[in-house]
Amino acid sequence: MPVYAFDRVSTPEGWLAPGRIEVGTDGLIAAVAAGEGGERVGGVALPGMPNLHSHAFQRAMAGLAERAGPGADSFWTWREVMYGFVARLAPDDVEAIAAQLYCEMLKAGYTAVAEFHYLHHAPDGGAYDDRAEMAERVTRAAERTGIALTLLPVLYDAGGFGGAPVGGAQRRFANDADGLLGIVETLRCRHRAHPGFRVGLAPHSLRAAAPESIAAALDGLAAIDSDAPIHIHIAEQAREVEDCLAWCGKRPVQWLLERHAVGPRWCLVHATHMTAGETRALAATGAVAGLCPTTEANLGDGLFALAEYLEAGGRLGIGSDSHVSVSPVEELRWLEYGQRLVSRHRTIAAQPEGSTGARLHQAALDGGSRATARDAGAIEAGRTADIVTLDAAHPLLAGKSGDAILDSWIFAGNANLVRDVMVGGRWVVRGGRHAEEDAIARAFVRTMERLAG
């Protein structure tokens, strides 16, 4: 079994300087120890970061929705731009965009991604001959790049609260519970031998999935795999909360917690607009709050109640969502900075006399690993060998040791310090480069030029 030597290794028991990691042929960490020995890699070894919320195709429209319209712009006007864009995407386009995105994610230090996948059908709403065609394109992109994929086919069968019919571009998203479960089963059967592949399910949101459909999909998923992850968009926008109250007299998080047994395999994405009671109740479930600060800022969603949620013992992870940024550093930084701006205090996430960067980093590792259903998130024996190395020779890290490395990486600059990336025991990025990045970029450029035309 290969042994790799690093200048420093972050472990649950503390920092090793130097340290070595032994990796088994099964892709798991076999042993971690202090000292030299084995193949010299160098650098600072950290656990790879899971990205718990992605809409891969939206990477291609990043920057295209920043022109003001004739009136006030909001999430809802952005959504109309997205609908117009998605209507033009063919399967080849989705695969090229996803491969480029996943390559960028790996080079930034993400080692796993939960793909919240709702683009299922042809532009006219008709099913492809293979109903899992679009999901397979995302899967191929993940396999080509080497990122670990948790694929979450999305239940989308309503155009608004109360079961309004889907229309326009939404027809590409629409499935009933049986149709969606068929895609889930197909994917599980085809890829069950792939060690980095997981399948779950995602009701899109309470506005886009009818209550009876959510219940049927969850019952069907339990019969297929009772441990599979469940993700849902929830309480992202103030208007969404208002519309939910008008529909049923309850707020979205309140409705969900009362109607379903939300627990550790759930991820509630955004959960921006919660009362203090909902915040405590969500924390008590053991579910993960999926936070996407750069997208939430870009869309004007609002700020998550981070301090109150952490105080209640809540779990969280980070995602890049619409991919206006593909950087775990930026997500973690703005998760903290947003709180500082609204509270006018510093070190919001840190525990007394503790490191802000270290706490945010570990919280995102723990929650992201749970949300992606991967036994990763730490460098210790028995865990999946998802490992990222930072360039220890970079001036940003000069003279830094221990948790000061994480504080400097997250809060002291924008240079990408990621040098090497291992996923499931296999190196996929070496010296800051992915082996296929040039070919992947060429296909992405061709796709973008065609879409622009």
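In the block above lies the structure referred to throughout.
What you see is a predicted model; the values in this text were computed from it and never measured.

Undergrad: Any chance you could explain the layout of surface pockets here in plain terms?
TA: Of the voids in this model, the largest pocket is the one considered here, and its volume is about 330 Å³. His194, Pro195, Gly196, Val423 and Gly424 are, among the 17 residues lining the largest pocket, the residues nearest its centre. A per-class count over the lining of the largest pocket returns 6 nonpolar, 6 polar and 5 charged.

Undergrad: Looking at this model, I keep getting lost on the pattern of salt bridges. Mind explaining?
TA: Opposite charge on two side chains permits pairing when their charged atoms draw close. The tally for this structure, following the rule as stated, stands at 26 salt bridges. A salt bridge links Arg40 to Glu36; the shortest N-O distance between them is 3.5 Å. Among the residues examined, Arg40 registers a relative accessible area of 47% and is labelled partly exposed. Since its relative accessible area comes to 48%, Glu36 is described here as partly exposed. Note that Asp386 is salt-bridged to Arg374, the shortest N-O span being 2.7 Å. Taken together, the residues span a long stretch of sequence, with Asp386 in the loop between α12 (356-371) and β17 (387-390) and Arg374 in the loop between α12 and β17 at a distance of 12 residues. For Arg374, a relative accessible area of 8% puts it in the buried group. Each of Asp92, Glu95, Glu133, Arg137 and Arg140 takes part in one network of salt bridges that share partners.

Undergrad: Honestly, unusual backbone geometry in this entry has me stumped. Any pointers?
TA: When glycine is set aside, most residues are seen to have a negative phi, and most peptide bonds are trans. In this structure, Pro18 follows Ala17 across a cis peptide bond, with omega equal to 0°. Positionally, Pro18 belongs in the loop between β3 (14-16) and β4 (19-23). The phi dihedral of Thr347 falls on the positive side, at around 45°, and the residue is not glycine. The topology assignment puts Thr347 in the loop between α11 (328-343) and α12. The exposure class assigned to Thr347 is partly exposed, which follows from its relative accessible area of 38%.

Undergrad: Help me out: how do you make sense of α11 in this one?
TA: Since the α-helix packs 3.6 residues into each turn, any two residues three or four apart lie on the same face. In this model, α11 (16 residues) spans 23 Å end to end at C-alpha, consistent with the 22 Å of a helix rising 1.5 Å per residue. Every buried residue of α11 is accounted for by Pro328, Val329, Glu331, Leu332, Arg333, Leu335, Glu336, Gly338, Gln339 and Arg340. Among the residues trailing α11, Arg344 stands out with phi positive, at a value near 60°.

Undergrad: Looking at this structure, I do not really get the packing of helix α3 (residues 133-145) against helix α4 (residues 177-191). What am I missing?
TA: Packed helices, taken two at a time, are described by the angle their axes make and the gap between the axes. Close contact between α3 and α4 brings their axes to 11 Å; oriented N to C, the two are set at 35°. As for how α3 packs across α4, the hand of that crossing is right-handed. Between α3 and α4, the contacting residues are Ala135, Glu136, Thr139 and Glu143 on the first element and Leu187, Arg190 and His191 on the second. Across the contact of α3 with α4, the residue classes tally to 2 nonpolar, 2 polar and 3 charged.

Undergrad: What's the story with the environment of Gln170 in this structure? I'm lost.
TA: By the element assignment, Gln170 lies in the loop between β10 (148-155) and α4. On the accessibility criterion, Gln170 (7% relative accessible area) is buried. Each C-alpha atom, one on Gln170 and one on Leu365, is 33 Å from the other, the two residues being 195 residues apart in sequence. For Gln170, the contacting residues outside a window of four places in its chain are Arg79, Tyr83, Tyr156 and Gly159. A distance of 3.0 Å separates the side chain of Gln170 from the side chain of Tyr83, its partner in a polar contact.

Cut-offs used in this document
Residues numbered from 1 in each chain as written. Predicted model: local features only at pLDDT ≥ 70, side-chain atom pairs only at ≥ 80, totals over all residues. Heavy atoms only, no water. 1 Å grid on protein atoms, 1.4 Å probe; cavity = no way out; pocket = protein on both sides within 12 Å on 5 of 7 lines; lining within 4 Å. Points joined across faces, edges and corners; volume = space filled by probe spheres on them. Nonpolar A, V, L, I, M, F, W, Y, C, P; charged D, E, K, R; others polar. Salt bridge = Lys/Arg side-chain N within 4 Å of Asp/Glu carboxyl O. Buried < 20%, exposed > 50% of the residue type's maximum accessible area, 1.4 Å probe, protein only. Helix = DSSP H or I, 4+ residues; strand = E, 2+ residues; numbered from the N terminus. Expected span 1.5 Å × (residues − 1). Axes fitted to C-alpha atoms, helices over the stretch in contact; angles between N-to-C directions. Left-handed = near helix turned anticlockwise from the far one by under 90°. Contact = heavy atoms within 4.5 Å. Polar contact = N/O pair within 3.5 Å; in protein donor to acceptor, adjacent residues only side chain to side chain.

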